[in-house]
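Results of the structural survey
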Amino acid sequence: MYWYAMKSHDIRQNLATEQYLMNNKKFDEPLVLFYYEGPCIIVGRNQNTLEEINQKYVEENNITVTRRLSGGGAVYQDLGNLCFSFVVDSDSEEFGDFKSFVQPVVDALHEMGATTAEVSGRNDILVDGKKFSGNAMYSHSGKTFSHGTLMLDVDQDVIAHALNVPADKMKSKGIKSVRSRVTNLKPYLAPEYQNLTVPEFRDTLLKELFHVDNLDAIKDKEVVIEDSEKAAIEKIYKDYYSNWDWVYGNSPEFTVKKRQHFTAGTIDARLLVENGKIKNIKFYGDFFGPSDATELADKLAGVRYDRENVGQVLNSVNTQLYFNGIDTKDVLDLLVD
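Residues numbered from 1 in each chain as written. Predicted model: local features only at pLDDT ≥ 70, side-chain atom pairs only at ≥ 80, totals over all residues. Heavy atoms only, no water.

The name given to the protein chain in an unreviewed UniProt entry is lipoate--protein ligase, and the organism recorded there is Levilactobacillus lanxiensis. The record held by UniProt for the protein chain lists under Catalytic activity (unreviewed entry) the comment "L-lysyl-[lipoyl-carrier protein] + (R)-lipoate + ATP = N(6)-[(R)-lipoyl]-L-lysyl-[lipoyl-carrier protein] + AMP + diphosphate + H(+)". (UniProt positions renumbered as here; feature names shortened; annotations may be inferred.)

See below:
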């Protein structure tokens, strides 16, 4: 087995590196990757991004949002989480057989004291019945990668806010995430492992996977990324993981219903969003205004459905012409929060 520990703490850069290594490096043995990153949400390939995230909270807390190539549900990660990825020839493992991929990690965790860790359900690893790892898989051009999370010491309070979207907020055909009871792995490790930092935890796992006492013993198995390859990785980063069209615009069509009563009247807004942009919006309610609200609806058609872009449109017009007595900011809060 070969291995590589990524230097970046940007999930977009790390996913780009993973994709590059899978598609462009030739290996005569499997490859294992490890990476960890700052606060971020990664949605599955077939999901509606806006349906999975609490957009206002994400923006206010500078949480990076991206989309991965593999399916499955949305996950939150921070510097307390370690990601791992196994890259193999597609014909060496059956697609969807997560247990074959993750069992070596589970065995290593057993050696570190988490003796109740087990592969469960379709793609999870549990400890004492609680989830600390979710996994997803992707195949392309004869290669398959299976990547997953290991929640060592993640801020679970943030998870509850960042991925908390009211069930009635929107409706789409995107694949929904299934919320599970999650836990951090740290308390289940043997005492001598409970104070490990994430890099130390990673290195310990590497030594367990390779059955060595120090990483120098497997230095010849470490992948080297040449400077000449970094431009190709940067292109993947720009084309996919930091590209609005990939992260948001790739979302399935969905509908949104927003209704709120104000002192000056009630606004009931119905939106149809396609590829991350407002395709159609209609305003209903008992509000007053000297101009027809369909004029504003026409201005919003084709606009990215996020606070910044919807806000630019609302601030460029006199919203009192449509919703007399209702503040522009209140209209914006209604439409996008």
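Moving on from the coordinates now.
End to end, helix H6 (residues 198-210) covers 18 Å across 13 residues, agreeing with the expected 18 Å (1.5 Å per residue, within 8%). For H6, the set of buried residues is Val198, Phe201, Arg202, Thr204, Leu205, Leu206, Leu209 and Phe210. With its phi angle positive at about 60°, His211 sits one or two positions after the end of H6. (Helix = DSSP H or I, 4+ residues; strand = E, 2+ residues; numbered from the N terminus. Expected span 1.5 Å × (residues − 1). Buried < 20%, exposed > 50% of the residue type's maximum accessible area, 1.4 Å probe, protein only.)

Another point: the environment of Ala117. Structurally, the position occupied by Ala117 is in the loop between helix H4 (98-111) and strand E7 (118-120). Sequence separation between Ala117 and Lys131 is 14 residues; the distance between their C-alpha atoms is 9.4 Å. Those residues in contact with Ala117 that lie beyond four places of it in its chain are Val106, His110, Leu126, Val127 and Phe132. (Contact = heavy atoms within 4.5 Å.)

If you walk across this open sheet you meet the 7 strands as E1-E2-E6-E10-E9-E8-E7, and the pairing is mixed. Both outer strands of the open sheet, strand E1 (2-5) and E7, are each paired with one neighbouring strand and no more. Ignoring strand direction, the axes of neighbouring strands in this sheet form an average angle of 20°. Relative to strand E6 (residues 81-89), strand E2 (residues 31-35) is paired through 5 bridges, and the arrangement is antiparallel. Of the residues in E6, the one forming a bridge with Leu33 is Ser85. The sheet strands contacting H4 are E6, E7, strand E8 (124-127), strand E9 (130-140) and strand E10 (143-151), and the helix crosses E9 at an angle near 140°. H6 rests against E1, E2, E6 and E10 of the sheet, and its axis sits at about 165° to E2. (Pairing = 2+ DSSP bridges. Axes fitted to C-alpha atoms, helices over the stretch in contact; angles between N-to-C directions.)

Right, let's talk about the pattern of salt bridges for a bit. For the structure shown, the criterion picks out 16 salt bridges. Among the charged side chains, a salt-bridge network with shared partners connects Lys56, Arg307, Lys329, Asp333 and Asp337. (Salt bridge = Lys/Arg side-chain N within 4 Å of Asp/Glu carboxyl O.)

On to helix H11 (residues 328-336). Along H11, the positions that sit buried rather than exposed are Val331, Leu332, Asp333, Leu334, Leu335 and Val336. For H11, the secondary structure elements touched by its buried residues are helix H3 (55-60), strand E12 (254-262), strand E13 (265-274), strand E14 (277-285), helix H9 (294-300) and helix H10 (307-315). Sitting at the head of H11, Asp327 places a side-chain oxygen 2.9 Å from the backbone nitrogen of Lys329. (Polar contact = N/O pair within 3.5 Å; in protein donor to acceptor, adjacent residues only side chain to side chain.)

The geometry of H4 relative to H6 is characterised by a closest axis approach of 9 Å and an angle of 110° between their N-to-C directions. By the angle between their axes, H4 is roughly perpendicular relative to H6. Contacts between H4 and H6 involve Pro104, Val105, Ala108, Leu109 and Glu111 on the former and, on the latter, Phe201, Leu205, Glu208 and Leu209. In terms of residue class, the contact of H4 with H6 is made up of 7 nonpolar, no polar and 2 charged. (Parallel < 35°, antiparallel > 145°, perpendicular 65-115°, else oblique. Nonpolar A, V, L, I, M, F, W, Y, C, P; charged D, E, K, R; others polar.)

Turning our attention to unusual backbone geometry. One non-glycine residue, Asn62, lies in the positive phi region at around 55°. At Ser141, a residue that is not glycine, the phi angle is positive and equals roughly 50°. Mapped onto the fold, Ser141 is located in the loop between E9 and E10. Note on Ser141: relative accessible area 64%, which makes it exposed.

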